[in-house]
Structure formats: structure tokens, C-alpha cells
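# A structural walkthrough
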Amino acid sequence: MIKKILISPVRFYQRFISPAFPPSCRFRPTCSNYMIEAIEKHGAKGVLMGLARILRCHPWSKEGDDPVPDHFSLRRSRSE
């Protein structure tokens, strides 16, 4: 129940706000999909992980794969 409540604003963003802007995500999965996955895996802590991911998304960061880690972490996954 809590997870659905936390995910619903992200789904709203994906459906109504994101289509108004050109694609610009530097990571795979996108930040919104990352947030949903993190919430599904880690519950409320997933929101913190998603926010940390959004803060990492800037022009000076390296782009590429950044999957949700199995253990809670606010750092980028290094699956290379």
C-alpha cells in the first residue's frame, strides 16, 4: 500500500509531465524508472535513492548503466 502511494507521483510525472520535454536522461534506466524500481526493492528508502540519482543527473556526470543495487546505497552502481 505504501509503495503504491510513493510510486503514484512518479507515474503521474511519467504520464503527464515527461512527454512535454525532449528525452534527456543520461542513465539507463531513466531516473523515473530507477525511482520506481528502488521503491519496489527498498520501500521508503527507495525515495532517497531516487532523489540521489536525480542529483547525480547533470551534464558533468558519466552517462551509462546505473541499475538499482540490491542493497541500499546512495552511490552510483558500478556494474562495469
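Going by the annotation in an unreviewed UniProt entry, the name recorded for the protein chain is Putative membrane protein insertion efficiency factor, with Streptococcus panodentis given as the source organism. Quoted verbatim from the Function (unreviewed entry) heading of the UniProt record, the comment on the protein chain is "Could be involved in insertion of integral membrane proteins into the membrane." Recorded under Subcellular location (unreviewed entry), the UniProt text for the protein chain is reproduced unchanged: "Cell membrane".

## Description of helix H2 (residues 31–42)
Taking 1.5 Å as the rise per residue, H2 with 12 residues should run 16 Å; its terminal C-alpha atoms sit 16 Å apart, in good agreement. Among the residues making up H2, those that are buried are Cys 31, Ser 32, Tyr 34, Met 35, Ile 36, Ala 38, Ile 39 and His 42. Contact partners of the buried residues in H2: helix H1 (2–17) and helix H3 (45–56). Just downstream of H2 lies Gly 43, where phi reads positive at about 70°.

## A closer look at the packing of H2 against H3
Where H2 contacts H3, the two axes come as close as 7 Å, and the packing angle between them is 155°. On the basis of their axis angle, the class for H2 and H3 is roughly antiparallel. For the element pair H2 and H3, the recorded crossing hand is right-handed. Where H2 approaches H3, its residues Cys 31, Tyr 34, Met 35, Ala 38, Ile 39 and His 42 are matched on the opposing element by Lys 45, Gly 46, Val 47, Met 49, Gly 50, Leu 51, Arg 53, Ile 54 and Arg 56. Residue composition of the contact of H2 with H3, grouped by class: 9 nonpolar, 3 polar and 3 charged.

## Details of the nonpolar core
By size, the foremost hydrophobic cluster in this structure holds 5 residues: Ile 7, Val 10, Met 35, Ile 36 and Ile 39. Every element with two or more residues in this core is listed here: H1 and H2. Top contributing element to this core by residue count: H2, with 3 residues. Apart from residues no more than four positions distant in its own chain, Ile 39 is found in contact with Lys 3, Leu 6, Ile 7, Gly 46 and Val 47.

## Here's the deal with the pattern of salt bridges
Under the definition given, this model contains 4 salt bridges. We note a salt bridge from Asp 65 to Arg 28, for which the minimum N-O separation is 2.9 Å. Of this pair, Asp 65 sits in strand E2 (residues 64–65) while Arg 28 sits in strand E1 (residues 27–28), placing them 37 residues apart in sequence. Since its relative accessible area comes to 42%, Asp 65 is described here as partly exposed.

What counts, and where the lines are drawn
- Residues numbered from 1 in each chain as written.
- Predicted model: local features only at pLDDT ≥ 70, side-chain atom pairs only at ≥ 80, totals over all residues.
- Heavy atoms only, no water.
- UniProt positions renumbered as here; feature names shortened; annotations may be inferred.
- Helix = DSSP H or I, 4+ residues; strand = E, 2+ residues; numbered from the N terminus.
- Expected span 1.5 Å × (residues − 1).
- Buried < 20%, exposed > 50% of the residue type's maximum accessible area, 1.4 Å probe, protein only.
- Contact = heavy atoms within 4.5 Å.
- Axes fitted to C-alpha atoms, helices over the stretch in contact; angles between N-to-C directions.
- Parallel < 35°, antiparallel > 145°, perpendicular 65-115°, else oblique.
- Left-handed = near helix turned anticlockwise from the far one by under 90°.
- Nonpolar A, V, L, I, M, F, W, Y, C, P; charged D, E, K, R; others polar.
- Core = buried A, V, L, I, M, F, W, Y, C linked by side-chain atoms within 4.5 Å.
- Salt bridge = Lys/Arg side-chain N within 4 Å of Asp/Glu carboxyl O.

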